[in-house]
Amino acid sequence: MKALNEILARARRSPRRIVLCEGEDERVLQAAVKAAEDGIAHLTLVGKWATLAELARSRALSLSRLELIDPDDSPLTESLAEALFALRRKKGMTREDAAAAIREPLCFANMLVREGHADGSVAGAVHTTGDVVRSAIQILGLAPGCRLVSSFFLMMLCQPFHSLKGGMIFSDCGLVIDPDAEQLSQIAMAAADSAEALLGEQARVAMLSFSTSGSAQHGNVEKVVQAARRVKERRPGLAIDEDVQLDAAIVAEIAERKLPDSQVKGNANVLIFPDLEAGNIGYKLAERIGGAEAIGPLLQGLAKPANDLSRGCSVDDIYHVIAVTTVQAQAAEARAAAAAG
Ligand SMILES: CC(C)(COP(=O)(O)OP(=O)(O)OC[C@H]1O[C@@H](n2cnc3c(N)ncnc32)[C@H](O)[C@@H]1OP(=O)(O)O)[C@@H](O)C(=O)NCCC(=O)NCCS
Ligand SMILES: CC(=O)OP(=O)(O)O
């Protein structure tokens, strides 16, 4: 749990304001209370005051450390609606559309982040990934230099039976359905950055395939090879294996046999899946059969942090995503300060 404990400690050192738009879900409320009590974030819950109060009362939870905002009864609603209209009018949104949309908690929460009232948002315990991601992309936009938003899971391998221990990044398991070679290269570079930011280690990237170094020929393999070559051109210092099977990516003896000139040498900490079918099934296998803890889906490539959850998430999953969102907000602020000189 070292990597996760370090993330929690970093969050505690400088907590940021994180907004949750699904406070009426019991798991989200419990995670918010725990996160506020543990000091990993300042929490804002978007929802109906009476519903939140009743849920808290029935579960004997205290709301005293949380900020609660109801979009139907907030002094911010009008100005956020106006800002939303200004943002989306070119896409055909009218002022009336914006006034209605801002009352949706997901939209309200992301507008709080966009307008600087919060530093990051977490949703997805109730909303689908598609809805969470579409709202984040449309409202927060892309980070400078990014052309694609994608997602990753922070996979924690901490059970006594795990032969590999520590944190790994799996990407993309939640968002880009059928990436082409260019999109796959962007996913790999973003995931390498996420690994370095969250694991505090140099990234060692495996571009997963059913082929290792040309052992099979197919258009799907060629896509992975082309993506890896684009990454190598743009990030010459990054350790990366092109078209590598999972066993050769994570088992040193198999890498030695199948891929003797491997850069990663069976010690990958970033696994890039060729498409969303492989990625989504792969992370759920590692979690549900392999006993890994899956934190995410976390989003990469956005201008400000917004993260998703699986609808099957637990209180702990939400708590961990809140901590990661705080750390991403710290990193985004540091990048912005560096860019401003
Ligand atoms: C995320 C997702 C909803 C985007 O779908 P989409 O149909 O392309 O979305 P839309 O066409 O409505 O696009 C919404 C906006 O986001 C932009 N966009 C979509 N995907 C993007 C991406 N990956 N990166 C950057 N921008 C993106 C579009 O250009 C569009 O911008 P605009 O409204 O300003 O014109 C889609 O990729 C998806 O459903 N992914 C799978 C999610 C899922 O079910 N995962 C499994 C469980 S985790
Ligand atoms: C990431 C993911 O698979 O989310 P969900 O389980 O909500 O579909």
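Residues numbered from 1 in each chain as written. Chains lettered and ligands numbered in written order. Predicted model: local features only at pLDDT ≥ 70, side-chain atom pairs only at ≥ 80, totals over all residues. Heavy atoms only, no water.

Draft legend 1. Molecular detail of the environment of Ala-100. Tracing the backbone shows Ala-100 in helix H5 (residues 95–101). Take Ala-100: its relative accessible area is 49%, and that puts it in the partly exposed class. In this structure the C-alpha to C-alpha distance between Ala-100 and Ile-254, which are 154 residues apart in sequence, comes to 57 Å. (Helix = DSSP H or I, 4+ residues; strand = E, 2+ residues; numbered from the N terminus. Buried < 20%, exposed > 50% of the residue type's maximum accessible area, 1.4 Å probe, protein only.)

Draft legend 2. Spatial organisation of the sheet that holds strand E4 (residues 120–122). With parallel pairing, five strands are arranged side by side in an open sheet as E3-E2-E1-E4-E11. Here the strands that pair on one side only, and so sit at the sheet edges, are strand E3 (67–69) and strand E11 (306–307). Judged from the three bridges that link them, strand E1 (residues 16–20) and E4 form a sheet pairing that is parallel. Looking across to E4, one finds that Val-19 is bridged to Ser-121. The strands touched by helix H2 (residues 26–38) within the sheet are E1 and strand E2 (41–46), with E2 carrying the most contacts at an inclination of about 155°. (Pairing = 2+ DSSP bridges. Contact = heavy atoms within 4.5 Å. Axes fitted to C-alpha atoms, helices over the stretch in contact; angles between N-to-C directions.)

Draft legend 3. Local environment of the UniProt feature "domain: Phosphate acetyl/butaryl transferase" (unreviewed entry) in the chain. Mapped onto this numbering, the UniProt entry annotates "domain: Phosphate acetyl/butaryl transferase" (unreviewed entry) at residues 4–325. Along residues 4–325, the helical share is 45% and the strand share 17%, with 13 Å between the first and last C-alpha atoms. (UniProt positions renumbered as here; feature names shortened; annotations may be inferred.)

Draft legend 4. Here's a closer look at the site of ligand 1. With respect to spatial proximity, 16 residues lie near ligand 1, and among them Lys-91, Arg-134, Val-149, Gly-174 and Leu-175 are the closest. At 2.9 Å from an oxygen atom of ligand 1 is found a side-chain nitrogen or oxygen belonging to Lys-91. Here Leu-175 contributes a backbone N or O atom positioned 2.9 Å from a nitrogen atom of ligand 1. When ligand 1 sits alone it has 930 Å² of accessible area, and the protein chains cover 60% of it. Of all the secondary-structure elements, those providing two or more residues to the shell around ligand 1 are helix H7 (129–140) and helix H12 (276–288). Broken down by element, the shell around ligand 1 gets its largest block of residues, six residues, from H7. Counted by class, the shell around ligand 1 contains eight nonpolar, five polar and three charged residues. (Near = heavy atom within 4 Å. Polar contact = N/O pair within 3.5 Å; in protein donor to acceptor, adjacent residues only side chain to side chain. Areas by Shrake-Rupley, 256 points an atom, 1.4 Å probe, with all protein chains shown as cover. Nonpolar A, V, L, I, M, F, W, Y, C, P; charged D, E, K, R; others polar.)

Draft legend 5. Fine view of the site of ligand 2. Around ligand 2 lies a shell formed by Thr-129, Phe-153, Asn-280, Tyr-283, Lys-284, Pro-297, Ser-310 and Arg-311. One of the side-chain N or O atoms of Asn-280 is found 3.0 Å from an oxygen atom in ligand 2. Protein chains shield 84% of the accessible area of ligand 2, which is 260 Å² for the free molecule. With three residues, the top contributor of residues to the shell around ligand 2 is H12. Grouping the constituent residues of the shell around ligand 2 by class yields three nonpolar, three polar and two charged.

Draft legend 6. Structural detail: empty space enclosed by the protein. Enumeration according to the criterion identifies one cavity of 30 Å³ or more in this entry. In this structure, the largest cavity is lined by Phe-153, Tyr-283, Glu-287, Arg-288, Ala-294, Gly-296, Leu-309, Ser-310, Gly-312, Cys-313, Asp-317 and Val-321. At the level of elements, H12, strand E10 (293–300) and helix H13 (315–339) are the ones that each hand at least two residues to the lining of the largest cavity. Partitioning the lining of the largest cavity into residue classes produces six nonpolar, three polar and three charged. (1 Å grid on protein atoms, 1.4 Å probe; cavity = no way out; pocket = protein on both sides within 12 Å on 5 of 7 lines; lining within 4 Å. Points joined across faces, edges and corners; volume = space filled by probe spheres on them.)

Draft legend 7. Molecular detail of a nonpolar patch on the surface. A cluster of nonpolar side chains, Ile-281, Leu-285 and Ile-289, forms an exposed patch at the surface whose accessible area comes to about 330 Å². With respect to the element layout, Ile-289 can be found in the loop between H12 and E10. (Patch = residues over 30% accessible without salt bridge, like charges linked within 9 Å, V, L, I, M, F, W, Y side chains within 5 Å. Salt bridge = Lys/Arg side-chain N within 4 Å of Asp/Glu carboxyl O.)

Draft legend 8. Spotlight on the pattern of salt bridges. According to the stated counting rule, one finds 22 salt bridges in the structure shown. The residue Arg-134 makes a salt bridge to Asp-131 at a minimum N-O spacing of 3.4 Å. Residue Arg-134 and its partner Asp-131 are located together in helix H7, separated by three residues, close to a single helical turn. On the accessibility criterion, Arg-134 (47% relative accessible area) is partly exposed. Measuring nitrogen to oxygen at the nearest pair gives 4.0 Å for the salt bridge that ties Asp-178 to Lys-223. Here Lys-223 lies in helix H9 (residues 219–234) and Asp-178 lies in the loop between strand E6 (166–171) and helix H8 (181–199), a separation of 45 residues in the sequence. You can call Lys-223 buried: its relative accessible area is 17%.

Draft legend 9. Broad picture of the packing of helix H1 (residues 2–13) against H13. Following both chains from N to C, one finds H1 and H13 inclined at 60°, their axes separated by 9 Å at the closest point. When the axis of H1 is compared with that of H13, the two are oblique. The handedness of the crossing between H1 and H13 is left-handed. On the side of H1, the interface is formed by Leu-4, Ile-7, Leu-8, Arg-10, Ala-11 and Arg-12, while H13 contributes Tyr-319, His-320, Ala-323, Val-324, Thr-326, Val-327 and Gln-330. The residue inventory of the contact of H1 with H13, partitioned by class, reads eight nonpolar, three polar and two charged. (Parallel < 35°, antiparallel > 145°, perpendicular 65-115°, else oblique. Left-handed = near helix turned anticlockwise from the far one by under 90°.)

Draft legend 10. Up close: the environment of Ala-125. Looking at the element boundaries, Ala-125 is found in the loop between E4 and H7. Taking the relative accessible area as the measure of exposure, Ala-125 reaches 5% and is therefore buried. Remark: the alpha-carbon pair of Ala-125 and Asn-267, spanning 142 residues in sequence, is separated by 33 Å.

Draft legend 11. Focus on the side chain of Gln-300. Of note, Gln-300 is situated in strand E10. A polar side-chain atom of Gln-300 sits 3.5 Å from the main-chain amide nitrogen of Ala-191. Setting aside residues no more than four positions away along its own chain, Gln-300 makes contact with Leu-148, Val-149, Ser-150, Ser-151, Phe-152, Ser-171, Ile-187, Ala-190, Ala-191 and Ser-194.

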